[in-house]
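Read off the chains here:
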Amino acid sequence: MADSKADQKSKEKELARITKKKTKFLDSAANIPARLKAITSYFDLETDENCAVMFNDNKSAIFLAISDAVAFIETTNLKKGKHVAEKDIKSLLLLVKKAIIHIPKEVREPRSCHTVASVIDKTLFVETSPPIRVLAFELLLMLTEVFSSVEDIYVKKIISSLNLQSYQAEYKDTVLPPAHAAPDKQHVLFPTSTPSGKKETQDFLEAYFTFIERSQTSFSFWFTATRQLIALFYPEICAAISIPNINPEQGFKKGTCPPEIQSINICHVSKWLTQEQFSLLLLADAKHYQLIIEIYKTSLRMPIAFARIITQFISTLTMFIFFPQKPLPSLLPGDVLNYQRIILEELIFLFGAGMNKSTQDHVIQDNVIKMFFTLIDCYSNLDPVTRKVLLYAIAKCCTSLMASNPPLPTSAAVDSIKGPLVDTLLTAWLSSKCTDAAMWQDLQKCIEGCMQNHAEAVHQVKLKLGHLTLMIMEQCYPPVVKHKAGEKPVKQDTPGGAPNGDVAQEIKQKKAKIVESLDTKEPPTIKFNKDPHLEKMSATIEVISWMWHALLFSFRNISTFKTPKIYEISMNTLVDIMDLLLFAEEMGELERPQQATVTQQTKPRILLFNIFCPYLFEAVKNDESRATGTAIALGGLCKLFCRPYPKLTLTLLSYFYSAIRKALLINEKAVVVAILTHSYNIFSLALPGSSILIPYYLPRAKEMLLNQTYPITTKARQRFISMISSLICYPSHFPNMSLISGPTEPPLTAVALRDLVQSALLTVLSNTRVADLRIMCMWSITVCIVENCYHFRAENTEEPVNTLLSLVSNEDQMISRVAMSCLSTLVSVSNKLPPETVMKIADSLCSVVLQAKVQESCMTYVFFCLYDWVINDVINSPILEKIFQAIEFAQSLSGEKIESPEVHSLVTAASMPAPAPETEKNKKGLLTRPKKLVHFVRSKGSELAPTEVAPAAGTEGDSNSPVDSHKVTLKEAAECVLNHIMHFFHNFPSPEGVDLWSSQVIERDDNGDEEHATFWVFNNTVIISVIPLPKLPGRAATVRVIVRDTVGKWAWDFNNVNTFSETGLPDGVIQAIDFNPPDEPPPKDKEDSVKASDAPPAALSATNKLSEALSWLQNQHSELLQWVPSLTDPAMILSPLAPTMVDLEQYLQSLQAAETAVSQSQAPMKGLIPQAPKAVQPYSAVHYTRMLLQQLGFISPLSPIPPLLERISTSEKFKRNIAVLDKTPGREVYKLGLLHVKEGQEQQNDILANSSGSPLYTAFATGLAWRVDVATHRGYLGGLDRQLTTGDTTLYWANSTSEVIFHEIVKMPTVASDPQQIQKKRHVGNDFVHVVWSEHVRDYDPLTITSQFNEAHVIIYPMSNGLFRVNTFRKHSLPLYGPIQHGMTLNKEILSLLVRETAVNANRVIAAARNPETYTKPYLNRRRILNETCDRYKADTSYLANLTSVVTGLNCQQGQTSTNLPDPRSIPRAMSPSPSPSPQSTASGPTPTPGDE
């Protein structure tokens, strides 16, 4: 209730206030300012309804108040220096406005109208203050509407009120209406201090248009007056279309309407066109269209400051004329087309020279381009006439903007608009699908003019050509499907699945899996994205091809492009388009017209040579100023010609050779680099007659490789080296070559070419510091050495071998390791190298270690390199001594030392036929001891003697210094070499064959008593099992000893005999090794035979039987007396065995005849089959003695003094460990995939289904390795099944360090019901390396058969000239390997050898890269397993218990002390230590109790 009362009281108070204001206003006695103030407050407080009531009730009083106010104001103004306040004038005008609104009928009365009109007229004078004039102008318009008609007097009043005279000074030649001026100052109710100007005119005009647009009725009421007003601004066009002008002599001349006025007109005309309530009246008369078009024309020429308004009007009018929502009234179809033409053609002005001065021009032009694209999107809906107008209008816009000669200086804004405009032009013409030759000729002229001076135009042409090319690729170049049968194909980023917006991501994902080579490059499709506007275009391939040719023909006068930069960009465009098509040909199906059917090859392909050769050949004529463009052109020419499969005529090739020769003679660096980069494979493709370019390519490639200042990418330099390497086998294959080098130079012969190639590689190697380049050179030099060994009697090999040896000690460890890998590769031709070269290699490697030329971390690789060389037949005693010194030095770095004269004497005595001259160095002994580090060496006695040696680098003599991991590796590497020498020096391969590395005998063989077998650990390095063998007819009772060490497993049979056998060996020392000798061993030399007069001693002392046996051997054999005074005091042997020589002259003659024949026709690959090494027979009696001593560990470098023999507790787990140890290979094993690709095969299913190979493939495969029977093969099988489910035979190769098995696809069973050949894919899919023999005309894609393991490919292509091109691919994360480098051409004699070496090296690199922490040599794996087995299963028994068990045959547990030892007379005679046991005593001991095993 309280709130209600308060509200009521407030309302009453407000009502009283309103009443008071009204009463005060109506009080005629009150002063005028107070009355005006009161009425203003009244209007603010009272509602419009009550105001209307008050006006109707007090009509006379109101008009009287108005009259009184005017009189008061005029009277006041007459007083000097006084004026009425502005608020009083505004209150008066507000009173008049309310009167016009509320009592219009009374206002129309003459007296009242006169009063109101007088107030309006006096406040409209130009001398009046602008705010007052604006209010008065609105009252004038309101008063005019009160009379329901617009008479001329009011129109003139409105026009005069606009005060167009403010523009008179600027437009002197124009007659403008007079302004509404006061006759004298007394009539100005509120004068202004500043005269009215243009701003007030614009405000009045804006106010007028705003006022008339209040409603459709108001717009209709004022439409005639508006036309008269607009006639002042456009008098000429209005006169032409009969729109009346209130005064024909007045108005702005054509094109001179002030832009500020035009902007207002345009804004409101745009509004009228877009709002139906106005447009119906505006367009009811056809004349008004012409007026709008005139306004449109003048608007395009307005200052750029009005860019926003201009673009808005262009857009509005275009949409209205081109895409009306309803049919345009009062217009004929022809008129519409005419207006459309005018709109389009007038836009050309916006791209003229005068519009290139500011960024706002860019705004207008950019919006026009958007409008063009809007029309292009609706192109099919346009009238044919309008379509043509649109195309030519856009072309003229381009010409107007860019085709000025000379080019106009342009701003950044103009440069940013060129590309979009040309893009619009090309999009419009291509979207039109027009094939009118005359129209395209006009377009070609336009485009050519644009491209002459503007790179942006060239770029846009390139993009459109690229899009068309992609469309052609989709339809004319179907992709090769390489996915598995039955699987959904993966989306291609090549033809048939053309690039879209995700192409970059697709290629990035694919590149993570791809293997790369020098040929690997980004697909050219990544440079092009499809145009979204052209994407919508549906056209036949004929139309697309027609437009492609027409657009490409725009470059017909490319040679006339004066600017070198433009020429370069244009030529690059042509080459990029050509690259797309080359890529399509490479990745798509091959064209086979003879097999074409209705569903197959029906769409013609682009004739690349016919189209691009004219452009590219013409570049040879360019001068130096266009060197870059010329380089691009000739590079493209090389890419076009240097491909494996096109059939080229000699005529075409002659033009190509001539152009390349001329360019190389000019020797412009950019051109030379481009040619060498893109034709580096020219000599490996067997192009007919390409050898004539060798004298020009070779020196240029060498020159560019030695040029360190000119910017050449590493990949390009790699290609240069590849080109040089591809010539290595040319001299031997074409021995009669004689190539013209120049008019004054002698012909280039085969021998000269050989020397030039080798010299170039050596020079580049010594002058470059880029690791990859040096590695390529080193491998190529290695191939040179192999080639020289096979065809040039190992001539000219000294320098390259010395170079490789010098690089072993290189500071860069990568270079050092590769150098050693190269030297290891030469082991395969060591029998062809001069003996002095072989010894030099071994000697140099030892010197590297002894002189510490490399870091310790790299010494490991030196030993592994020695590991490959130590079994060579020509290695003599001095070299062996040096090897042992190196091993001793390596042990010293690890804190251990070897000084065992027995080791060296046993090796040399067993193998060297001549004594070594005693030298000063021999007298001094082995390596001088370093100081400070104390360790123990074995002396002649049994005591441990301390010796001081220098500490390893970084330890500073501190015994607590940590030992680096590489030192441990170095020690192991040295042990690996030592064990290799001791086991296999002159003992590999064994009589059993190269595949049998160690014994396959196990404890239960030959009825061995496995139950009573005892296992022992000797010196913690050897596991020995002793198995009693039962006596059988023809065989005495035997004890078999099986020795397992870090190298392998060995079996020896012993029996107890007191007399010497016919072999000249003491019984009980060696009966038989598991490597059975051949039935008919070769006869021994005289000095190696046993003398009849030398009878064996009567008996050997049981206390030192071994020493006496060795002494007997020394006395028995005269050759030992010549060499060694004592078996424990080694002498140095220097004289090597003389190598067998062949008749070189006859060999070369036969070779020359064979090579001449093969260059004319493909000869069968004879001579490829490698001969398995023959078994080496024991050279002397101490041969087996040395082996036995080493394998038993008596001369082991790690054996303590005295030797320690410990018992092993056998169990099932122990036996499983022994089985694992037996299965661990002693050599490195490799499994490689071998594939044969026949002509036309590109899918993996077809390749895997091959079950036979060509004769050439068969000869190649036979040269890779020996064919073995899978069922009976005793070596490494790489997962092949002995049950023959994976084939009957396969290829196998081995030496003393490695075993290689090939998964040969054609020899594996082919399952007809399995299109994917899963059984074959299971094997080759798990191989790291694939060797591919391809007879397909197109290069093999390494992604054809892929898995997560395939990371390297070696691909061989037979060529028509008898040579073989080899390409290598590797995963991008892998380092370079060799010896074959990508693009090499090899002859048949060395092909298989080098392919095998390359594949093995690749496999080794991949394995090391995949498991860098665990990858190691097999020796170290066996050592680890052996150590773990010894540590885990060594019996914890006392020495006495072990001795008792040996003597009695009983197993004693630890801690048991037997008080009831058996009677010695019950001990079996065969096990008794009696010095003269009976050979027939073979009693067995007691059966072991359960648990002893």
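You'll find the structure just up there.
Model, not experiment: these values are computed from the prediction.

A. Expanded view of the overall build of the chain. The secondary structure content of the chain amounts to 54 helices and 19 strands. Relative to its 1493 residues, the chain shows a buried fraction of 53%. Residue pairs at least 24 apart in sequence account for 71% of intrachain contacts in the chain once pairs closer than 6 positions are excluded. In the structure as shown, the chain presents an accessible area of about 65600 Å², 54% of it carried by carbon and sulfur atoms.

B. Molecular detail of the packing of helix α38 (residues 835–850) against helix α40 (residues 877–893). Running from amino to carboxyl end, α38 crosses α40 at an angle of 25°, the nearest separation of the two axes being 9 Å. The orientation of α38 with respect to α40, classified from their angle, is roughly parallel. Taken as a pair, α38 and α40 cross one another with a handedness that is left-handed. Two secondary-structure elements touch here, α38 through Met839, Ala842, Asp843, Cys846, Ser847, Val849 and Leu850 and α40 through Ile879, Lys882, Ile883, Gln885, Ala886 and Phe889. Its residues assigned to classes, the contact of α38 with α40 shows nine nonpolar, two polar and two charged.

C. Region of interest: empty space enclosed by the protein. Inspection of every chain in the model, using the stated rule, returns eight cavities of 30 Å³ or more. One number sums up the size of the largest cavity: a volume of about 90 Å³. Lining the largest cavity are Phe223, Thr226, Arg227, Ile230, Val269, Trp272, Leu282, His288, Leu291, Ile292 and Ile295. Taken together, the elements giving at least two residues each to the lining of the largest cavity come down to α11 (216–233), α13 (259–274) and α15 (287–300). Each residue belonging to the lining of the largest cavity can be placed in one class, and the counts come to eight nonpolar, two polar and one charged.

D. Representation of the pairing of strand β12 (residues 1228–1237) in the model. Within β12, eight of the 10 residues are buried, leaving the element largely enclosed by the surrounding structure. Of the pairings in the sheet, the one linking β12 to strand β16 (residues 1329–1334) comprises five bridges and is parallel in character. The residue of β16 that forms the bridge with Leu1234 is Val1331.

E. The nonpolar core, seen in detail. Within the largest apolar cluster, 389 residues are counted, with the highest numbers of intra-cluster contacts made by Trp548 and Phe863. By residue number, the principal contributor to this core is helix α35 (residues 771–791), which donates 13 residues.

F. Broad picture of the pattern of salt bridges. For the coordinates displayed, the defined rule picks out 42 salt bridges. The salt bridge partner of Arg1274 is Asp995, with a shortest N-O separation of 3.5 Å. Of this pair, Arg1274 sits in the loop between β13 (1266–1269) and β14 (1289–1294) while Asp995 sits in the loop between α43 (965–984) and β6 (1014–1018), and the two are 279 residues apart along the sequence. A relative accessible area of 29% means that Arg1274 is categorised as partly exposed. Here Asp995 falls in the buried class, since its relative accessible area comes to 15%. Residues Arg1424 and Glu1428 are paired through a salt bridge, measuring 3.6 Å at the closest nitrogen-oxygen approach. Of this pair, Arg1424 and Glu1428 both sit in helix α53 (residues 1418–1433), four residues apart, roughly one helical turn.

G. Main features of the packing of aromatic side chains. Applying the stated criterion across every chain, the model contains 38 aromatic pairs. With 6.1 Å between their ring centres and 25° between their planes, Phe147 and Tyr154 make a pair best called stacked. On the numbers, 4.4 Å between centres and 5° between planes, the contact of Phe641 with Phe656 is stacked. Of the two residues, Phe641 sits in helix α28 (residues 627–641) while Phe656 sits in helix α29 (residues 650–666), which places them 15 residues apart along the sequence. Summarising the burial analysis for this pair, Phe641 and Phe656 share the class buried. Members of the aromatic cluster, connected to one another through ring pairs, are Tyr208, Phe209, Phe211, Phe219, Phe221, Trp222, Phe223, Trp272 and Phe278. One cation-aromatic arrangement involves Arg35 over Phe25; the distance from NZ or CZ to the ring centre is 5.6 Å. The cationic tip of Arg626 hangs over the ring face of Tyr567; the distance from NZ or CZ to the ring centre is 4.6 Å.

H. Representation of unusual backbone geometry. Here the amide bond leading from Gly1378 into Pro1379 is cis, since omega sits at 10°, within 30 degrees of zero. Residues other than glycine seldom take positive phi values, yet Ala686 does so here, at roughly 60°. Structurally, Ala686 can be placed in the loop between α30 (669–678) and α31 (694–706). Unusually for a residue other than glycine, Arg793 sits at a positive phi of about 55°. Topologically, Arg793 is positioned in the loop between α35 and α36 (798–808).

I. Broad picture of a positive patch on the surface. Positive charge collects at one region of the surface, where Lys20, Lys24, Lys37 and Lys87 lie side by side. Accessibility expressed as a relative area gives 62% for Lys20, which makes it exposed.

J. Layout of the state of the cysteines. Counted under the stated rule, the structure contains zero disulfides. Left without a disulfide partner, Cys446 is nearest to the cysteine sulfur of Cys450, which lies 4.3 Å away. Judged by its relative accessible area of 8%, Cys446 falls in the buried class. In this model Cys784 remains outside any disulfide bridge; the closest cysteine sulfur is found in Cys729, 8.5 Å from its own.

Thresholds, definitions, all that
Residue numbers here run from 1 along each chain, matching the order of that chain's written sequence. Where totals are concerned, whole chains, interfaces and linings use all residues; where local detail is concerned, this predicted model gives features only for residues with pLDDT of at least 70, and gives and counts side-chain atom pairs only at 80 or more. The basis for every side-chain value is the complete set of non-hydrogen atoms in the structure, without hydrogens or water. Numbered from the N terminus, helices here are DSSP runs of H or I no shorter than four residues, and strands are runs of E no shorter than two. Exposed residues in this analysis have more than 50% of their type's maximum accessible area, buried residues have under 20%, and partly exposed residues fall in between, with area computed by a 1.4 Å probe over protein chains only. By the convention used here, residues are in contact when the closest approach between their heavy atoms is within 4.5 Å. The Shrake-Rupley method, run with a 1.4 Å probe, gives the accessible areas here. Residue values count only the displayed protein chains as cover. In this description, a line fitted to the C-alpha atoms serves as the axis of each element, helices being fitted only across the stretch in contact, and the angle between N-to-C directions of two axes falls anywhere from 0 to 180 degrees. Each angle gets one of four labels, with under 35 degrees taken as roughly parallel, over 145 as roughly antiparallel, 65 to 115 as roughly perpendicular, and the rest as oblique. In a left-handed crossing the near helix is turned counterclockwise from the far helix by less than a right angle, and in a right-handed crossing that turn is clockwise. Each residue gets one label: Ala, Val, Leu, Ile, Met, Phe, Trp, Tyr, Cys and Pro are nonpolar, Asp, Glu, Lys and Arg are charged, and the others, such as Gly, are polar. Detection works on a 1 Å grid of protein atoms alone, calling trapped sets that fit a 1.4 Å probe cavities and calling open sets with protein on both sides within 12 Å along at least five of seven lines pockets, with lining residues defined by an atom within 4 Å of a point. Grid points are joined across faces, edges and corners, and a volume is the space filled by probe spheres set on the points. Here, any two strands with at least 2 DSSP bridges between them count as paired. We call a set of buried Ala, Val, Leu, Ile, Met, Phe, Trp, Tyr and Cys residues a nonpolar core when their side-chain atoms join them within 4.5 Å. When a carboxyl oxygen of Asp or Glu is within 4 Å of a side-chain nitrogen of Lys or Arg, the pair counts as a salt bridge. Classification of ring pairs rests on two measures: the distance between centres of Phe, Tyr or Trp rings, Trp counted by its six-membered ring, which must be within 6.5 Å, and the angle between planes, read as stacked under 30 degrees, edge-to-face over 60 and tilted in between. Geometrically, a charge over a ring is one whose NZ (Lys) or CZ (Arg) sits within 6 Å of the ring centre while staying within 35 degrees of the ring normal. Each patch is built from residues lacking any salt bridge and having more than 30% relative accessible area; the joining distance is 9 Å for like charges and 5 Å for nonpolar side chains (Val, Leu, Ile, Met, Phe, Trp, Tyr). Only four residue types enter the tally: Lys and Arg on the positive side, Asp and Glu on the negative side; His and the chain ends are excluded. By convention, charge coordinates are those of NZ in Lys, CZ in Arg, CG in Asp, or CD in Glu. By definition, disulfides here are pairs of cysteine sulfur atoms that lie within 2.5 Å.

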